[in-house]
Amino acid sequence: MIATGRKYVFDFDSTLTRVEALDVLAELTLQGKSNKDEIIAEIQKITNLGIDGDISFTESLESRIKLLNAHKNDLEHLVSALRQKISKSIASNKDFFEKYADDIYVISCGFKEFIDPIVKEYNIPSDRVYANTFKFDDAGNIVGFDEANVLSQHNGKIQCLKDMKLEGEVQVIGDGYSDYVMREAGIADKFFAYTENIHRDKAADNADHITPNLDEFLYLNDLPRNISYPKNRIKVLLLENVHTAAFENLSEDGFSVELVKHSLAEEELIEKIKGVHVLGIRSKTQVSQIVLDAADKLLVVGAFCIGTTQIELEYAKKKGVVVFNAPYSNTRSVVELAIGEIIMLMRSVFARSSELHKGQWQKTAVGSREVRGKNLGIVGYGNIGKQLSVLAEAIGMHVYYYDVEDSLALGNAKKCDTLEDLLIISDVVTLHIDDNQANKNFIGEREINQMKKGAMLVNLSRGFVVDINALAAALESGQIAGAAVDVYPEEPRSNGDFITKLQGFPNVILTPHVGGSTEEAQRDIADFVPNKIMGYINSGNTVDAVNFPNIRLPKQNKSHRFLHIHKNVPGIMAKINKVLAEYELNISSQYLSTDNEVGYVITDLDKEYNKDVIKALRKVDKTIKFRVLY
């Protein structure tokens, strides 16, 4: 037991547990009844009216017990169910309840019959649990409650806390207005509105502090906790209408997440990014050096797409900002669109469809060809190129590819030694090259003239890799018989008007950068990128980071973890270990990864250590960023 001079009074329902226990009891006792949902809804309504003080608590309690139709034997099943419904941050901070056992109380308008066995597992004995008790008839049916108990009366918590005569500062933690009234009456010094499970406006509006979880409460009181920094204090900004699953995944993990549907111009982003720890973007938002300089708390950028040229990667690294992207999640979506567009171009489907939309019936086989037996030239044989290769071969195409890197051919695909070799032989050329700025106008007038006359061109990669003027001229002259373009040298930041020289050609399919925009791909990205972000924030993992030394770390096991990012110069590791030795720290494990610019050191230590070591490590020369995880 640790003496603090404070007493902590917890509510039970929707605070220590994620649920209202009587609602769970109703679920158990009403199984199989046709009007189950109606009765449970009525019980929940009455519960909320009582919690918010809109009806007397006595009335609330009487009405709910009548509706329950419960038996003493049901309580054992209720306790088993409640054990599975402990609030997440309560369960993860069990050590707090054990260390501060003598200072913790429960005051609840629930019932001791189910509260006692739950809180006993958190080292809270029955004599520090103040709650109602059931009345049973001879058959064991629950027929009422002890009316003499002050907690069965309206605002009974006030009288209960008065009668306890606690010494020292009294802090009340609960989700309802019925908890706040103890603070209002002046017998509690502070009220913390606990919103992890439900946010009740009436309680939150009157609270001294709003605590989305127990970590925040412990942080505010400088008490021992499971994690070093409450996740609700970590601000996440998601731009460009990323899939809502990303918002849900990050929010579920406890972060404070803001979702913005559009991209932000540099000036807007400079203001918005202040105080933000995690930035999520797609392809339109530019994370420039100026933006990174303004990002005073930024730890990580998540690109919810494949490309990362919109981010100053090297500068981000120098600032200690880790960048993740989604290199695989939308691969299948892009490949399927490419296959579909190849078939549509070869069959002149778009031209025939446009004619019918204009009221013209033009049935003809002229310019309509099967893809079977035709040569497909894939420029860029990476993840997308390889998948496309397999599917194209499956529908009977002969596949050729060109890549500056050596790649193993899949199936019967043939590698071309030069781009010209590929262009000369291909009936359809499809581009899947990366966003390296050296690839600007990779396909220009010279390359287009090297293609077969009447060939097709598909670009689902980057807008700047094709010279749009040269392509338009080739379409006009007939050198290129058709094209499908999904990306453009300049794209608007939001939906609206758009002009390109490619508009108006009969066999040109234009799409607004939707190659990877399928529900499945966006959902996969919204899982993949947040998982990488959470892995870094929560444990320090940098696996798959595009600009940072990659380290896969084991799960922490009852240890504190120091994460030290520094400039990669000789002697830094020695300085770090010298500090650790001076403070006589017991190192359980240590990991290091470097590149030419930065070093990343992770040190796991025993939980007990002199806190001054943190200041000393931050002062190590060439330190870029330092943080502690536990």
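Residues numbered from 1 in each chain as written. Predicted model: local features only at pLDDT ≥ 70, side-chain atom pairs only at ≥ 80, totals over all residues. Heavy atoms only, no water.

Brief notes about the overall build of the protein chain
Logical step 1: Along its length, the protein chain carries 25 helices and 24 strands.
Logical step 2: Since a compact globule built from 630 residues should have a radius of gyration of about 25 Å, the 32 Å found for the protein chain marks it as more spread out than a globular shape.
Logical step 3: Once the C-alpha set of the protein chain is aligned to its principal axes, its extents read approximately 95 × 70 × 45 Å.
Logical step 4: Once local pairs closer than 6 in sequence are excluded, the contacts in the protein chain between residues at least 24 apart make up 63%.
Logical step 5: Taken as a whole, the protein chain presents about 29,000 Å² of accessible surface, with 47% of it coming from carbon and sulfur. (Helix = DSSP H or I, 4+ residues; strand = E, 2+ residues; numbered from the N terminus. Rg over C-alpha atoms; globule rule 2.2 N^0.38 Å. Contact = heavy atoms within 4.5 Å. Areas by Shrake-Rupley, 256 points an atom, 1.4 Å probe, with all protein chains shown as cover.)

As for the environment of Leu214
Logical step 1: Mapped onto the elements of the fold, Leu214 is located in helix α12 (residues 214-220).
Logical step 2: Residues Leu214 and Thr15, spaced 199 residues apart in sequence, show a C-alpha to C-alpha distance of 9.3 Å.
Logical step 3: Apart from the residues lying within four places of it in its own chain, the contact partners of Leu214 are Phe10, Ser89, Ile90, Asn93, Phe96, Phe97, Tyr194 and Glu196.

Re the sheet that holds strand β17 (residues 428-431)
Logical step 1: Spatially, β16-β15-β14-β17-β18-β19-β20 is the arrangement adopted by the seven strands of the open sheet, whose pairing is parallel. Among the strands making up the open sheet, the edge pair consists of β16 (414-415) and β20 (508-510).
Logical step 2: Two strands pair when backbone bridges link them, and strand β14 (residues 375-379) and strand β15 (residues 398-402) are joined in this way by five bridges, in the parallel orientation. By the bridge assignment, Leu376 is partnered in β15 with Val399.
Logical step 3: Where helix α19 (residues 383-394) meets the sheet, its contacts fall on β14, β15 and β17, and the angle it forms with β14 comes to roughly 170°.
Logical step 4: Sitting on the sheet, helix α22 (residues 468-477) is in contact with β18 (455-459), β19 (480-485) and β20, with an inclination near 140° to β19. (Pairing = 2+ DSSP bridges. Axes fitted to C-alpha atoms, helices over the stretch in contact; angles between N-to-C directions.)

Digging into the state of the cysteines
Logical step 1: If you walk through the whole model with that rule in mind, you get zero disulfides.
Logical step 2: Unpaired in terms of disulfides, Cys160 finds its nearest cysteine sulfur in Cys109, a separation of 8.7 Å. (Disulfide = S-S within 2.5 Å.)

Here we look at empty space enclosed by the protein
Logical step 1: All told, the structure shown has four cavities of 30 Å³ or more when counted by the stated rule.
Logical step 2: One number sums up the size of the largest cavity: a volume of about 180 Å³.
Logical step 3: Around the largest cavity, the lining is made up of 19 residues, and of these Asp13, Glu20, Ile51, Phe57 and Cys109 lie nearest the centre.
Logical step 4: A total of four residues in the lining of the largest cavity trace back to one element, the largest contributor, which is strand β2 (residues 104-111). (1 Å grid on protein atoms, 1.4 Å probe; cavity = no way out; pocket = protein on both sides within 12 Å on 5 of 7 lines; lining within 4 Å. Points joined across faces, edges and corners; volume = space filled by probe spheres on them.)

Focus: the packing of helix α2 (residues 21-29) against helix α3 (residues 36-51)
Packed helices, taken two at a time, are described by the angle their axes make and the gap between the axes.
Logical step 1: The interhelical angle for the contact between α2 and α3, taken along N-to-C directions, is 165°, at an axis separation of 10 Å. Considering the angle they form, α2 stands roughly antiparallel to α3. Helix-helix and strand crossings are classified by hand; for α2 and α3 the assignment is right-handed. Listed contacts from α3 to Asp23, Ala26 and Glu27 of α2 are Lys36, Ile40, Ile43, Gln44 and Thr47.
Logical step 2: For the contact of α2 with α3, the residue count by class is three nonpolar, two polar and three charged. (Parallel < 35°, antiparallel > 145°, perpendicular 65-115°, else oblique. Left-handed = near helix turned anticlockwise from the far one by under 90°. Nonpolar A, V, L, I, M, F, W, Y, C, P; charged D, E, K, R; others polar.)

A few points about the sheet that holds strand β10 (residues 256-259)
Logical step 1: In space, the five strands of this open sheet follow the order β10-β9-β11-β12-β13, with parallel pairing throughout. Among the strands making up the open sheet, the edge pair consists of β10 and β13 (322-324). Looking at each pair of strands side by side, their axes are set apart by 15° on average, direction ignored.
Logical step 2: Pairing geometry for strand β9 (residues 235-238) and β10, over four bridges, is parallel. Bridging from a neighbouring strand, Val236 pairs with Val257 of β10.

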